[in-house]
Amino acid sequence: MNITLLEAVFYVLSAIIAVCAVLTVTTGKILRSATYLLFVLFGTAGIYFLLGYTFLGAVQLMVYAGGIVVLYVFSILLTRSDKDMRYKIGKAKLVSALLTCGVGAALVIFLICTNTFAWTEIPQDIIELPAHKIGMDLIGTGKYQYILPFEVVSVLLLACMIGGILIARKH
Amino acid sequence: MDIHILYYLIISTIMLFCGIYGFFTRKNLLALLISVELMLNATNINFAVFNRYLFPDALEGHFFTLFGIAIAAAETAVAIAIIINVYRNLKQILTDDITDLRG
């Protein structure tokens, strides 16, 4: 039984992701929940690195781990919600949620395991995607190039910035 | 590279259903938003993995993940602005207590 370095890294990353994802939604303190979310996001970035999408992994680290989690922590402290997590959930609701998620996860895993398209596909050798190609595709106007979505996303981010300032400012 | 595509899909399935479970059981608005982030991340992993394994010459899934991350960031910023404003006006953050719009 030979385990290559990539496989070992993948198994460690998936263990981190699975454990921290479960802890994110089951822990009682919301600050801990945000911290476990941070570890899940780190694991996701590691999976992007493993797939050869290093630019995507870097974006994930910067935007999610650097931006969004900090935003969460600040807003948790601003709304004083770290003591508000001790509420009672009805037993029927808890059981039904657990049942829904368990049955749904089992169904999805059964479907992807019995699907034949995934088994016949031969895994490719993973090579790193060069940043030059990403940049050229992102600002090109030809087929399979993405200048229009790029501009739309920039307008969306501007609108969100203005909207966030307008909503959150003191009247 | 012998990691099969199924392993990635199973990991993202676990992540997605953790998010759904959190969305069902949490009552704090910020905890709900954290669950939504988990679900978005699971879909992003799926896009990247399908692109790398099934269509290694194309880049559609890669760019979809990139735009998905940008849209998730925008969504989080606006949602947190709204939640902070709700807290400032109503002094409540739990979904059970915010009932002003209930008919």
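Computed from a prediction, not measured in an experiment: that's the story for all the values here.

Of the regular secondary structure elements, chain B holds three helices and zero strands. Ordering the α and β elements of chain B from the N terminus gives α-α-α. Taking 13 Å as the expected radius of gyration for a compact globule of 103 residues, we find that chain B reaches 17 Å, considerably beyond that expectation. When the backbone C-alpha atoms are referred to their principal axes, chain B occupies close to 55 × 25 × 25 Å. The long-range share in chain B, meaning contacts at least 24 apart out of those at least 6 apart in sequence, stands at 45%.

Residues and elements named next belong to chain B. Two numbers describe how helix α1 (residues 5-25) lies on helix α2 (residues 29-54): the axes approach to 8 Å, and their chain directions differ by 165°. Classified by the interaxial angle, the pair formed by α1 and α2 is roughly antiparallel. Classified by chirality, the crossing of α2 by α1 is left-handed. Here the residues of the contact of α1 with α2 sort into 18 nonpolar, six polar and no charged.

Right, let's talk about helix α2 (residues 30-51) of chain A for a bit. End to end, α2(A) covers 32 Å across 22 residues, agreeing with the expected 32 Å (1.5 Å per residue, within 8%). Trailing α2(A) by a residue or two, A:G52 shows a phi angle of about 95°, which is positive.

For the pair helix α3 (residues 54-78) of chain A and α2(B), interaxial distance at closest approach is 12 Å and the crossing angle is 175°. Judged by the inter-axis angle, α3(A) sits roughly antiparallel to α2(B). On α2(B), the residues touching A:L56, A:Y72, A:S75 and A:I76 of α3(A) are B:L30, B:I34 and B:A48. Looking at side-chain class alone, the contact of α3(A) with α2(B) contains six nonpolar, one polar and no charged residues.

With that settled, the discussion passes to the interface of chain B and chain A. Each partner contributes residues to the interface: chain B has 60 residues there, and chain A has 67 residues. Elements that contribute at least two residues to the side of chain B that touches chain A include exactly α1, α2 and α3 (60-90) of chain B. Top contributing element to the side of chain B that touches chain A by residue count: α3(B), with 20 residues. Each residue belonging to the side of chain B that touches chain A can be placed in one class, and the counts come to 45 nonpolar, eleven polar and four charged.

The rules behind these values
- Residues numbered from 1 in each chain as written.
- Chains lettered and ligands numbered in written order.
- Predicted model: local features only at pLDDT ≥ 70, side-chain atom pairs only at ≥ 80, totals over all residues.
- Helix = DSSP H or I, 4+ residues; strand = E, 2+ residues; numbered from the N terminus.
- Rg over C-alpha atoms; globule rule 2.2 N^0.38 Å.
- Contact = placed C-beta atoms within 7 Å.
- Axes fitted to C-alpha atoms, helices over the stretch in contact; angles between N-to-C directions.
- Parallel < 35°, antiparallel > 145°, perpendicular 65-115°, else oblique.
- Left-handed = near helix turned anticlockwise from the far one by under 90°.
- Nonpolar A, V, L, I, M, F, W, Y, C, P; charged D, E, K, R; others polar.
- Expected span 1.5 Å × (residues − 1).

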